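# Structure at a glance
Next come the chains, spelled out residue by residue.
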Amino acid sequence: MERQILHIDVNNAFLSWTAVEMLKNGEKIDIRTIPAIIGGDETRRAGIVLAKSMLAKRAGVSTGETIYSAKRKCPNLKVYPGLEYRKYQEYSNKLYNMLLEYTDKIERFSIDECFMDMTEYLMRDTLVNKAYEIKERIKNEFGFTVNVGVAHNKLLAKMASDFEKPNKVHTLFDNEIENKMWHLPISELFMLGKKSVPKLNNMKIRTIGDLAKADKREIVNKFGKHGLLMWEYANGIDGSEVVYIREKPKSIGNSVTLPMDIREKEKLEEILLALTEQVTYRLRKQNQVASVVNVQLRTKDFKDISHQKRLEVAISNTKEIYVCAKKLLDEMFIQGMAIRLIGMRVDNLTDKDKVQLSLFDNKDNKKQDNLDSAIDKLKEKYGDNLITRAGKLEVKDIIKIKKRE
């Protein structure tokens, strides 16, 4: 199965997170919209630039240079102190916990970057649609922006996220490597050391494409094992896995952007059942139960509506969670409403082993648990997209999402 990888990169993380915190505390100016930097004591000539706004970057300011030098390039530059590191860690953790709603396989590459392996979690949606959804959620819920790289391996996803910024989604699939990556300067290739650039230039290799077309043996003879890695990366070759530590998510959800507006509640109910199947499957894989169910609709006019309900007892039962989700859909949906996105999420998760047996447990629930368990085993054997209670042909056709260009 072809891997489905996203790379999430916070735009100007330390400056953005500082800006969001300042605005929350009553600051009137968004420092992301002016020539600004995060730096040390500007009275000291040795103070350096830790982060910069886009306007400062356009003026030639670069991270790591002295504030004195930066102000010579940009005389109207504003300098702001950074937050305590723990505050930046809080923003990083908020982002990470939201991403856990989409997949359990997340590699924290740095405080402001994550790789996401979405291979098992797309639910017939496309990777590009998920990238746009995640990007917009981060902006709307947290107030900062990210770039999202979309590819079939980590290298290409990372390279894609470094394309035009900010607040962008970029793809870099195998058939796009030549047009999107090969024209870039060799210095922009991921994991290429600064010392290697002049050596490659001496070999008349100035672009990533030059390296990709170079004789592999010659590159390996010159640079050893790292030369092989460089050559493979230039050709988009990367077999590395997303290295993750399995952590318990605080909520689990999924949504689907529809290729056409849907006005029939019955079709929405079928899609909602398919989403509930996937969400509760992940819930049981984590050996967790949920006590809150949330359903979201987005209209053709991009108006978001959501309702949630607290359950009387925490469960992972597909049937009961779907019954609750369906009631929430009934509350929100007005006949004739045109829907372009539907999503569902479960919150307030608890380890199943910590929940006491409820008076509500009965034979019907046990039968449902057995059915869920049987379907889970089939999913693990044959794939998540093949086994579903909502497997009618017309529903599958409805949620075969066209890739966004």
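Small disclaimer: the values here were computed from a predicted structure and weren't measured. (Residues numbered from 1 in each chain as written. Predicted model: local features only at pLDDT ≥ 70, side-chain atom pairs only at ≥ 80, totals over all residues. Heavy atoms only, no water.)

## What to know about the packing of helix 1 (residues 13-24) against helix 4 (residues 85-99)
The test is simple: Between N-to-C directions, angles cover 0 to 180 degrees, with each direction set by a line fitted to C-alpha atoms, over the stretch in contact for helices. Numbering of helices and strands starts at the N terminus; helices are DSSP runs of H or I of at least 4 residues and strands are runs of E of at least 2. The scheme is simple: roughly parallel for angles under 35 degrees, roughly antiparallel for over 145, roughly perpendicular for 65 to 115, oblique for anything else. Contacts: residue pairs with any heavy atoms within 4.5 Å of one another. All residues other than Ala, Val, Leu, Ile, Met, Phe, Trp, Tyr, Cys, Pro, Asp, Glu, Lys and Arg, Gly among them, are scored as polar; the first ten of these are nonpolar and the last four charged.
Close contact between helix 1 and helix 4 brings their axes to 10 Å; oriented N to C, the two are set at 100°. The orientation of helix 1 with respect to helix 4, classified from their angle, is roughly perpendicular. Residues Phe-14, Trp-17, Thr-18, Val-20, Glu-21 and Lys-24 of helix 1 form the contact with helix 4, whose own contacting residues are Lys-87, Tyr-88, Tyr-91, Ser-92 and Lys-94. Classifying every residue of the contact of helix 1 with helix 4 by side-chain character gives 5 nonpolar, 2 polar and 4 charged.

## What to know about the pairing of strand 2 (residues 36-39)
Put simply, the rule is: A 1.4 Å probe rolled over the protein chains alone gives each residue an accessible area, and that area as a share of the maximum for its type sets the label: buried under 20%, exposed over 50%, partly exposed in between. Only strands joined by at least two bridges in the DSSP assignment are considered to pair.
The side-chain alternation of strand 2 yields two buried faces, one formed by Ala-36 and Ile-38 and the other by Ile-37 and Gly-39. Bridge count between strand 2 and strand 4 (residues 78-80): 3 bridges; the pairing is parallel. Paired with Ala-36 across the strands is Lys-78, a residue of strand 4. Where strand 2 lies against strand 3 (residues 49-52), 3 bridges are found, and the strand directions are antiparallel. Bridge pairing links Ile-38 to Ala-51 in strand 3.

## A few points about the pairing of strand 10 (residues 288-299)
Burial of strand 10 is extensive: 11 of the 12 residues sit out of reach of the surface. Note: strand 10 against strand 12 (residues 339-351), 11 bridges, orientation antiparallel. Pairing of Asn-294 across the sheet is with Arg-345, part of strand 12. Sheet analysis places strand 10 next to strand 11 (residues 304-315), joined by 8 bridges and oriented antiparallel. Along strand 11, the bridge assignment pairs Leu-297 with Ile-305.

## Details of the sheet that holds strand 12
One open sheet holds the 4 strands; their spatial order is 9-12-10-11, and the pairing between them is antiparallel. At either end of the open sheet lies a strand with only one pairing partner, and these are strand 9 (252-262) and strand 11. Across the sheet, the mean angle separating the axes of adjacent strands is 15° when strand polarity is ignored. Packing against the sheet, helix 12 (residues 265-285) makes contact with strand 9, strand 10, strand 11 and strand 12, and its axis sits at approximately 155° to strand 9.

## Examining the nonpolar core
This is how the line gets drawn: By convention a nonpolar core is built from buried Ala, Val, Leu, Ile, Met, Phe, Trp, Tyr and Cys residues, the set being connected through side-chain atoms within 4.5 Å.
Counting 41 residues, the largest nonpolar core has Leu-6 and Phe-144 as its most contacted members. Elements with a minimum of two residues in this core: strand 1 (5-10), helix 1, strand 2, helix 4, strand 6 (113-117), helix 5 (127-142) and strand 7 (146-151). Sequence-distant contacts of Phe-144, that is, excluding residues within four places in its chain, are made with Val-10, Ser-16, Trp-17, Val-20, Arg-32, Tyr-91, Leu-95, Ile-138 and Lys-139. In terms of nonpolar packing, the next biggest core, distinct from the first, is built from 34 residues, Leu-268, Val-295, Cys-324 and Leu-329 among them.

## What to know about the packing of helix 12 against helix 13 (residues 318-332)
Keep this limit in mind: Should the near helix be turned anticlockwise from the far one by less than a right angle, the crossing is termed left-handed; should it be turned clockwise, right-handed.
Between helix 12 and helix 13, the least distance of the axes is 9 Å, while the angle of their chain directions is 140°. Looking at the two axes, helix 12 sits oblique to helix 13. When the axes of helix 12 and helix 13 are compared, the crossing they make is right-handed. Residues Lys-265, Leu-268, Glu-269, Leu-272, Leu-273, Thr-276, Glu-277, Thr-280, Leu-283 and Arg-284 of helix 12 pack against Thr-318, Ile-321, Tyr-322, Ala-325, Lys-326, Leu-329 and Asp-330 of helix 13. Of the residues belonging to the contact of helix 12 with helix 13, the class tally is 8 nonpolar, 3 polar and 6 charged.

## Things to note about the sheet that holds strand 4
Reading across the sheet, the 3 strands line up as 3-2-4 and stay open at both edges, with mixed pairing between neighbours. Taken across any chain shown, the strands that pair with only one partner, and hence form the sheet edges, are strand 3 and strand 4. Across the sheet, the axes of successive neighbouring strands diverge by a mean angle of 35°, strand direction being ignored. The strands touched by helix 1 within the sheet are strand 2, strand 3 and strand 4, with strand 2 carrying the most contacts at an inclination of about 100°.

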